Every structure is written in C-alpha cells, then in structure tokens.
Amino acid sequence: MKKILQDSIKGIIPPLVAILLAFLLGGLLMKIAGINPIVAYTSLFKGAFGSNHRIAETIVRAIPLIILALGISIAFKARIWNIGGDGQFTVGAIFAVFVALTFPLPNAILLPLTFIAAFIGGACWGGIAGFVKAKFNANEVITTLMLNYIAFYLLEWLVKGPMMDSNGHGFPQSELINEGLRLPVLLQGTRLHLGLLVAVVLVIGVYMFWRSTLGFKTEIVGQNREVAQYSGIKVNKIIVITMFISAGLAGLAGWNEMFGVHYRLLENISGGYGNLAIVVALLADLNPLGIVVSGFFFAALVTGGNTMQRMEGVPFALVDVIQGLAIIFVISRVVYRRWRDNGARTNNDNGILGKLVSRSGKNERTNSPASNR
Amino acid sequence: MSVPILLPAIGEIFTQRSGILNLGLEGVILMGALGGFVGTYYSGSLWVGVMLAVAFGMLFSVIMAVLSVTIRANQVIAGLALTILGAGLSTFLFRIIFGIKKLPPSIEPFQAIKIPVLSEIPILGPVLFQHNILVYLTFVLVIVSAIVLEKTTFGLKVRAVGEHPQAADSKGINVYLIRYICVIIGGAFAGLGGAFLSIGYMNTFLDQMSAGRGFIAVAVVIFARWNPYRALGGAFVFGLASALQLRLQAVGVPIPHQFLLALPYILTILVLISVSKKAEFPKAFTLPYNRGER
C-alpha cells in the first residue's frame, strides 16, 4: 500500500510541474499583452470553484471529459492515435437520441437501449478508422480527424433536416427526449446529474480492463508490435477491437451529455471536448485514476476560462494555449531525466546508469509509431 | 483552393523526407494566417504580411524541431500539442490585438491577375491563369522544391538523413542540423499557406480557419509519395472538390450542402485508403536519431 502511494506521488510530479510551467508561461503571455495575470487567474479560479453552483458546473463538464479521456487512453496505450473523440461523441449522441425518439418502449427498457446505441454509434464511427488502419494502414490520426469533420456536418444536417424539431421555431435542434429518460439531477438547483455515477463505474471498468487478458494484449501491442506478433497476438484484430472500445466510450460520453444535460440534439454538441480529452489523458499518463484528477482539473480550467473571458475580458483561447503548453512540457520531461542521469554519471562513475540511459533511448525507438508501417 | 493545402504539403515533403512527421501543420498554418493578417494590417503592405507569415511559421515550427529532434519526443503527440497550441495562441493573440467583441477587421487581399492571352483560353484559361500572385508563386515553389530535393547536394543530404541517419552521420552530414532545417522549411511553407488563407483567399483572420487543411496536407504528401509534382496533382483534386462544392451549391443540386462540405474530408479518407498500403515511407521515418547510440 505504501509503495502504491509513493508511486502515485512520484507519478503526479511531472504533470504538476508541466501544468505549473504552462500557467507561468501563460501568465507571462498575459503580462506582455498588458493583462494582470493574477487578476485573470483569480477570476478563473473563482469561476471554477467560487460557489457550490460553480463546483457542480465544473463536475458537469468533467463527466464527459473523463469518459472521453478513458476511451482515448485505451487507444493511446496501444499506440493507436485516436484523435476522433469529437466525432465518436457526436455519433454516439445521435444514435442514442434517435433511439430515444423513435421507439415507443417503456423507459426501463428504452434507457439501457439508448446506452447501448450510443456505444455502438461511437464504436462504429471509430471502428471505420480502426478497420482502415488494420486493413490498409491508413494513418488513424488523419482518418479520425476527418471523421470528426464528417460527423460535425452529419449532425448539422440532421438537426436542420430529418431530425429537426417541427415545433422548434426553426432552431437547429431535435425534439426533447421524454422526461422519464432524463438522468435525475443529484443536487437541487444545479445541473449535476446521475451521469457522475456512470462515469465512476466506467473508471472502475477501465481500471479492470487493464487487468484483463485483453487489456494486457492491448498493452503489449502498444509496447512493441513485432513482439506482440511473435507471441501470437493478432495485432490487427487488437487494433480494431481497441479502436472499437475506445470509440464506444466516446459514444457513451455523448450519451451522458445528451441524457444528463441537453436532453436533445443540438449543433456542435461535442464542442471541442475531444481535443481537451487528449490533453487530459496524456497528463494522466493514460492512468484511469489519474484521468479523474486531470479531467476534473481541465474541466475547471474550461469553466473558469469562460468566467475569465466574461469578467476580465481575457480571451478564452488562453485555456487552449495552456493545454498545448502543458503537453509540450509533459513530453519534454525526458530532458530533465537525461540531464539528471548525466549528472549522476559524472558524479559516480558506475556504468549501470549509463546502460539505463541508452536502454531507455532504444525503447523510444522501438516504441515509435513507425513500427506500424 | 488547392494552394492552402499544396503549400503546407510541399513543406511537409521536406520535413518527412528528412524523417520527421510534423502533424502540427494545422497549428503552423493558423500562426501563419495570423502573421499574414497582422503584418498586412499594420504595414498596409501585403508583402510585409507574407513575410511575417513565413517568419511566424518558421518560428513556431522551431518548437516541433526541438521536440522531435533534440528531445526525441513522440512526434504524433508533439504534433497534436502544436496543433492545440497554434489554434489557441493564434486566436488569443488576435483577440488581444483586435479586441474580443468587435467586428473582425479586414484588409484588401491580393487581387487576381489575368495573364494576357493565356487567360483567354476557354475552360483552362480561367482555371489556370486568373489567380492572385501567391498562386503563381506556389507553382514556382513546387518546381524549385522538386529541383532542390532531386538535383542538389542539400536534397541528397535530406534524403540520406531520412533513409539512413547513421550512414549519413558517418559521411559527415549533421543529421540534427538537416532535420532542423527541414522542419523549419516545412514551417515556412505552412506559414505561407496560412497567409494565403487570411490575405489571399479571404480578407481577415478567423478562428480555426485552416479547417483541417494541415491534416489533409499530410494525406496529400503520402498520396504524392513525397514528390512535389504529384503533390500538385493531389492538392488539385482537393481544390476541385472544394470548387465543385461551391458550384453545385450555386446551381442548387438537391444534395444537402452539409454533405458537399464534408466531401473533402471523405475524399481524404478514400485517398489514404487507396495509397497507404503501397506507400514507401522514408526508412527512418518518425525515428528520432541519437548520435550516442549504435
């Protein structure tokens, strides 16, 4: 137990330093632009945690973010770069709302059905990318991103065409789902809904996934495709399955947002959650429990960032800047490690550290995505 | 319409030939678009805008070069970081400079130049010879790039570094330097592509105005098998898809216009499916080089 605690404390330092540096640099940027960074950050903090209502709002945003990031973490662990969270989220939401509006079934049956539909919707959308990756070696970064744009237009077409609410005064939105299907609000006067519980269950689910055979295989495929192949793992099959699960989770995030917050389809429902979830997953080092923490943190950043723009006139884009910087600093931590190891080597000349350094170098090479060629 | 895809694609050919995958083109294009607009707005000269766009693109891509060459970070993640940072930073700076709520300011963009006689040719004339000067410049750059890559010592060094960095190093080629140069060349081209968006095709800067073109450009590079002339062909197809979409919309074809807008993205996936299996990537593609390691 003590060791786990020590490890998690050790694990939390690099992302913390990265975020701190990102905030510092963001502050410097504001300083140059003539904005007082302390005022801006205070406003951001108040916006995220200033009252019970604000905290609830932050959690509401954290729910889809955490689920999306869980999905992304599964794909990234296998070194499949699924950046199509937005599209899979959208298609999952479309499937779920479509089922909810179409079938006249009792709610007790219909609600689980919408849940399954969301998973399948997301999974199929991401599955396209997984399939063409496995079959044709089409770069999944590009295909998943393209599928994001296609899903965006698909949704726009649906809410302005076939699925438009006929009583909606021409607003681009679908009909509302019936009240019995909506996730109950947990805290009176806020939007905090039962989806939180779903997210917790999914976190545990993904935690268990990494302890299952399939999770283990997925990890091996991510570490080294050739080794995986030699040890009898069907790499292409794992790629498709991984992508399927990853995207299915994204679909569930869409379900959560539909049944917990909006209760209907609107334009651009994913609103950039997908990109943010990538940052969340990376800063958590793809660890499910870490994702909860970093998901909550970035949800706070977004909630607070909106307040900051409204109150202090600091552009919300600053939040994006901080995200980008945070990733850059996290992946740069090897520099620190190298520098530290060099120091150790010159101080006491034992060869083992030198070996460690060169071995870590080799690992980087075999791990690189080029091995999927 | 092909140009904002073609320019980044040409630059990316240099980058990838040297063994680096820059997936952050999207961010670089946006920074270039911002630079082009700001430069033009404050100097009143479109060419100052172009130069600032190229400078922004080069400076911004230095981050990618440091991450991929010196730090040897995972290039996919580095590219994503650059995309997110570029989108955020360009929007942030634009809002800081021009305010949050005001109507977007605009400039007088590059005007189309009709080349006498040639532009009179039916069909081909309007397609090829009635563009603004950036388009003609792009054609020149395609040819120059092809010559540099295939016929010069520098081009040979780039290819050597991308195929076999160890061998290149043993011949006295500075692998790190070549890769830095290639990533920065890529940044210059992407920056210019961004300038084309903000001061050639439109007359202002818009958030996310690159709309995925950075990623489409990478697809074009694979389609072109790292050859600038074939990239010209590939980008032209995308330009055609965009033009077709506008034309069909104008005519009023009974296809939902969202479908037409999605067309370039669908096309990208189809292109990737058809070419990826056969594509021969540079041997050392996405492999960081470490001199101390054998």
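Parameters at a glance
Each chain carries its own residue numbering, running from 1 in the written order of its sequence. Here every chain gets a letter starting at A, and every ligand a number starting at 1, in the order they are written. Per-residue local features are limited, in this predicted model, to residues with pLDDT of at least 70; the limit for side-chain atom pairs, both in listing and counting, is 80 or more; totals at the level of whole chains, interfaces and linings are taken over all residues. Side-chain metrics rest on all non-hydrogen atoms present in the structure, leaving aside hydrogens and water. Put simply, DSSP marks the helices as runs of H or I at least four residues long and the strands as runs of E at least two long, and each gets a number from the N terminus on. Think of it in three bands: residues with accessible area under 20% of the maximum for their type are buried, residues over 50% are exposed, and the middle band is partly exposed, with areas taken using a 1.4 Å probe on protein chains only. Whether two residues are in contact is decided by their heavy atoms: any pair within 4.5 Å suffices. Shrake-Rupley sampling with a 1.4 Å probe provides the accessible areas, and residues are treated as covered by the protein chains on show and by no other component. By convention a nonpolar core is built from buried Ala, Val, Leu, Ile, Met, Phe, Trp, Tyr and Cys residues, the set being connected through side-chain atoms within 4.5 Å. When two parts are brought into contact, each loses some accessible area as probed by a 1.4 Å sphere; the total of that loss over both is the buried area. Each reported salt bridge corresponds to a side-chain nitrogen of Lys or Arg within 4 Å of a carboxyl oxygen of Asp or Glu. What qualifies as a polar contact is a pair of N or O atoms within 3.5 Å, subject to a donor-acceptor requirement within protein and to the restriction that residues adjacent in sequence count only when both atoms come from side chains. Under the convention adopted here, Pro, Cys and the residues Ala, Val, Leu, Ile, Met, Phe, Trp and Tyr are nonpolar, Asp, Glu, Lys and Arg are charged, and Gly plus all remaining residues are polar. Scored from 0 to 100, pLDDT reflects the predictor's confidence in each residue. Classification of ring pairs uses Phe, Tyr and Trp, with its six-membered ring standing for Trp, and accepts pairs whose centres are within 6.5 Å; under 30 degrees between planes counts as stacked, over 60 as edge-to-face, and the remaining range as tilted. Either the NZ atom of lysine or the CZ atom of arginine qualifies as a charge over a ring when it sits within 6 Å of the ring centre and within 35 degrees of the ring normal. What a helix should span is 1.5 Å times the count of its residues minus one.

Draft legend 1. Quick peek at the overall build of chain A. Scanning chain A for helices and strands turns up 15 helices and zero strands. In chain A, which comprises 373 residues, the share counted as buried stands at 52%. In chain A, 76% of the contacts between residues at least 6 apart in sequence involve partners at least 24 apart. About 17,000 Å² of surface is accessible on chain A, with carbon and sulfur atoms providing 66% of the total.

Draft legend 2. Main features of the nonpolar core. Counting residues in each nonpolar core, the largest one holds 203 residues, and the members touching the most others are Phe259(A) and Leu265(A). Counting residues per element, this core draws most heavily on helix α3 (residues 52–77) of chain A, at 15 residues.

Draft legend 3. Spatial organisation of the interface of chain B and chain A. Contacts between the two partners involve 52 residues from chain B, matched on the other side by 57 residues from chain A. Of the roughly 4,700 Å² buried where chain B meets chain A, counting both sides, 76% is carbon and sulfur surface. Counting the surface chain B buries against chain A, the share from its top three residues, Ile84(B), Phe92(B) and Gln258(B), is 14%. Scanning the region where chain B abuts chain A turns up zero salt bridges. The interface formed by chain B and chain A holds two residue pairs in polar contact (both at pLDDT 80 or more) in total. For the side of chain B that touches chain A, the secondary-structure elements that each account for two or more residues are α3 (46–70), α4 (75–98), α10 (213–223) and α12 (257–275) of chain B. In terms of residue count, the dominant contributor to the side of chain B that touches chain A is α4(B) (13 residues). Here the residues of the side of chain B that touches chain A are counted per class, giving 34 nonpolar, eleven polar and seven charged.

Draft legend 4. Region of the structure containing the confidence of the model for chain A. Here chain A averages 84 in pLDDT, while 88% of its residues score no lower than 70. Confidence, expressed as mean pLDDT per element, reaches its minimum in chain A at helix α15 (residues 351–367) of chain A with 38 and its maximum at helix α4 (residues 85–102) of chain A with 94.

Draft legend 5. Examining the packing of aromatic side chains more closely. Tallying each qualifying case throughout the model produces 24 aromatic pairs over all chains. Ring geometry for Phe23(A) versus Phe297(A): centroids 6.2 Å apart, planes at 70°, classification edge-to-face. In this pair, Phe23(A) is assigned in helix α1 (residues 2–32) and Phe297(A) in helix α12 (residues 288–312), connecting sequence segments 274 residues apart. On the basis of relative accessible area, Phe23(A) is assigned to the buried category, the value being 18%. A relative accessible area of 28% places Phe297(A) in the partly exposed class. Between the aromatic rings of Tyr41(B) and Tyr42(B), the centroid separation amounts to 5.2 Å while the plane-to-plane angle is 80°, which identifies the pairing as edge-to-face. Taken together, the ring pairs connect Phe37(B), Tyr41(B), Tyr42(B), Phe94(B), Phe98(B) and Phe205(B) into an aromatic cluster. Its end group placed over the ring of Tyr263(A), Arg182(A) keeps NZ or CZ at 4.6 Å from the ring centre. The residue whose ring lies beneath Arg211(A) is Tyr207(A), and the NZ or CZ to ring-centre distance is 4.0 Å.

Draft legend 6. Inspection of the pattern of salt bridges at higher detail. Residue and element names in this part refer to chain A. A full pass over the atoms with the stated rule returns seven salt bridges over all chains. Close ionic contact of Arg 191 with Glu 57 constitutes a salt bridge, the shortest N to O distance being 2.4 Å. Of this pair, Arg 191 sits in the loop between α6 (140–160) and α7 (195–209) while Glu 57 sits in helix α3, placing them 134 residues apart in sequence. With a relative accessible area of 37%, Arg 191 lands in the partly exposed category.

Draft legend 7. Focus on the side chain of Asp169(B). Residue and element names in this part refer to chain B. Summarising the element assignment, Asp 169 is placed in helix α8 (residues 165–170). Given a relative accessible area of 12%, Asp 169 falls into the buried group. Within polar-contact distance, the side chain of Asp 169 engages the side chain of Tyr 289 at 2.7 Å. Each residue touching Asp 169, except ones within four places of it in the same chain, is listed here: Val 175, Tyr 289 and Arg 291.

Draft legend 8. Looking closely at helix α1 (residues 3–17) of chain B. Residue and element names in this part refer to chain B. Between its first and last C-alpha atoms α1 spans 21 Å; for 15 residues at 1.5 Å apiece the expected length is 21 Å, and the two agree. Burial within α1 is extensive, with 15 of its 15 residues counted as buried. Gly 19 occupies a position one or two residues after α1 and carries a positive phi of about 100°.

Draft legend 9. Broad picture of unusual backbone geometry. Look at Asn268(A): it is not a glycine, yet its phi comes out positive at around 45°. Secondary-structure assignment places Asn268(A) in the loop between α10 (235–262) and α11 (273–283). According to the relative accessible area criterion, Asn268(A) is partly exposed, its value standing at 42%. Phi at Gln208(B) takes a positive value of approximately 55°, unusual for a residue other than glycine. If you trace the backbone, Gln208(B) turns up in the loop between α9 (175–201) and α10. Relative accessible area serves as the criterion here: at 47%, Gln208(B) is assigned to the partly exposed category.

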